[in-house]
Amino acid sequence: MSGKTILTGVKPTGAPHIGNYIGAIRPALRLAAAQQKSYLFIADYHALNAVHDPKALREDSYQVAACWLALGLDPQKTVFYRQSDVPEIFELATLLAAVTPKGLMDRAHSYKAAVDKNREAGRDPDADINMGLYTYPLLMAADILMAQTDIVPVGKDQVQHIEFARDMAGYFNNTFKPVFKLPGYQLEKEGALLPGIDGRKMSKSYNNHIPVFMDSNARQKLVMKIVTDSKRPEEPKNPDESIIFQIYTHFIAAEELQSARRLFEEGKIGYGDAKKNLFIVLEREFEKPTQIYTEYMAKPALLDELLAAGAEKARQIARQTLSRAREVTGLKPLR
Ligand code: TRP
């Protein structure tokens, strides 16, 4: 158990697939379980920049909450909350804005990408870009800095945001007094990219994904649809070229890996049986979580209660940090 504080935010964007689980959810859960202090929150204010459908925002937030709980997040150990339930974060963002150069926001990858897209389409460079998107890194820095975070587990696309949060903490600490810890990040392995059932990268937009939460029959049908070549059972097969094998490896213990490879290489298993084995390990991993997920989704009041209790805990540290930050600027500390 390490004494570091870890924190991560997830945007509510619908139900996850097993690639999301392997690449982001499982590593974050493992990291959280190994730390004394961990924070995980639903970044609903970040989502609001793009989602202007109240029902969707609400539903998606419940979905993420149920998802993480079903996959093993322990709300007694990890402080689990909605960003929007912790108003201190938004005040902190305003304090940070006072020391953050506008040029920093101008350099943000996601903002620049949106501008480039507009330019290419011959539109006004700022068309459809709201201030929420523009100041996204500022709010994200407040998310992180309020908890005096040591490590943020992130995908590659988020690294710049963590660097910005460090920059902002530095500006503030240097301008006033040291209040914020400078956060670092831990990169999630992109090597964990899973192929989808057609062999392209697993992605909802290709519709080749295997959802985490689904009933057993549907899961079995999907596994049976995985694309293979036409090698007969007794023919040697290259496991690294098999979609079935590539997915399978993420769900078995390291010791089982060698023998599984050999079955492929020595022509001791046909694709039909390999699919059955894959289905079995996916069931082992996700049957129970699917049940728990369904139960939570039927009880939004319970989710609200859990998240409210988490927000209460998050606000304690947030108030401490905010109060000190206010004080060193010359504003009144919180009472
Ligand atoms: N920007 C992150 C994403 O799109 C979500 C996020 C918001 C976040 N605030 C955060 C992640 C703070 C880590 C820490 O995935």
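Residues numbered from 1 in each chain as written. Predicted model: local features only at pLDDT ≥ 70, side-chain atom pairs only at ≥ 80, totals over all residues. Heavy atoms only, no water.

A. Molecular detail of the side chain of Q148. Relative to the assigned elements, Q148 resides in the loop between α8 (136-145) and β4 (151-154). Classification of Q148 as buried rests on a relative accessible area of 15%. From its side chain, Q148 meets the backbone oxygen of V179 in a polar contact 2.9 Å long. Polar contacts involving the side chain of Q148 include one to the main-chain amide nitrogen of K181, which spans 2.8 Å. (Helix = DSSP H or I, 4+ residues; strand = E, 2+ residues; numbered from the N terminus. Buried < 20%, exposed > 50% of the residue type's maximum accessible area, 1.4 Å probe, protein only. Polar contact = N/O pair within 3.5 Å; in protein donor to acceptor, adjacent residues only side chain to side chain.)

B. Molecular detail of the site of the ligand. In the region of the ligand, 13 residues are neighbours, and K11, H46, Y136, D143 and Q158 sit closest. Within the side chain of Y136, an N or O atom sits 2.6 Å from a nitrogen atom of the ligand. Contact distances for the ligand include 2.8 Å between a nitrogen atom and a side-chain N or O atom of Q158. Those elements that provide at least two residues to the shell around the ligand are β1 (2-10) and α8. In terms of residue class, the shell around the ligand is built from seven nonpolar, four polar and two charged. (Near = heavy atom within 4 Å. Nonpolar A, V, L, I, M, F, W, Y, C, P; charged D, E, K, R; others polar.)

C. A look at the nonpolar core. Within the largest apolar cluster, 51 residues are counted, with the highest numbers of intra-cluster contacts made by I18, W68, L71, I247, F251 and L278. Within the residue set of this core, elements represented by two or more residues are α1 (18-33), β2 (35-42), α3 (54-70), α10 (216-224), α11 (243-248), α12 (254-265), α13 (271-297) and α14 (300-329). In terms of residues, this core owes the most to one element, α13, which gives nine residues. Counting the residues that make up this core, at least three belong to each of domain 1 (5-193 + 300-329) and domain 2 (204-294). Leave out the neighbours within four places in its chain, and L71 touches Y21, I25, L29, V212, F213, F286 and P289. (Core = buried A, V, L, I, M, F, W, Y, C linked by side-chain atoms within 4.5 Å. Domains from an automatic or database assignment. Contact = heavy atoms within 4.5 Å.)

D. Local environment of α14. For α14, which comprises 30 residues, the first-to-last C-alpha distance of 41 Å matches the rise-based estimate of 44 Å (1.5 Å per residue) to within 8%. Residues L303, L307, G310, A311, A314, I317, A318, T321, L322, S323, A325 and R326 constitute the buried set of α14. Just past α14, the residue G330 takes up positive phi, approximately 105°. (Expected span 1.5 Å × (residues − 1).)

E. Region of the structure containing the pattern of salt bridges. Evaluation of the coordinates by the stated rule reveals 16 salt bridges. Of the charged contacts in the structure, one is a salt bridge between D304 and R82, with a shortest N-O distance of 2.8 Å. With D304 in helix α14 and R82 in strand β3 (residues 78-82), the pair connects residues that are 222 residues apart, well separated along the chain. By relative accessible area, which is 29% here, D304 ends up partly exposed. Notably, a salt bridge pairs E266 with K268, separated by 2.8 Å at the nearest N-O pair. Given the relative accessible area of 42%, E266 is considered partly exposed. With a relative accessible area of 57%, K268 lands in the exposed category. Ionic contacts of the salt-bridge type, sharing partners, join the residues R82, D85 and D304 into one network. (Salt bridge = Lys/Arg side-chain N within 4 Å of Asp/Glu carboxyl O.)

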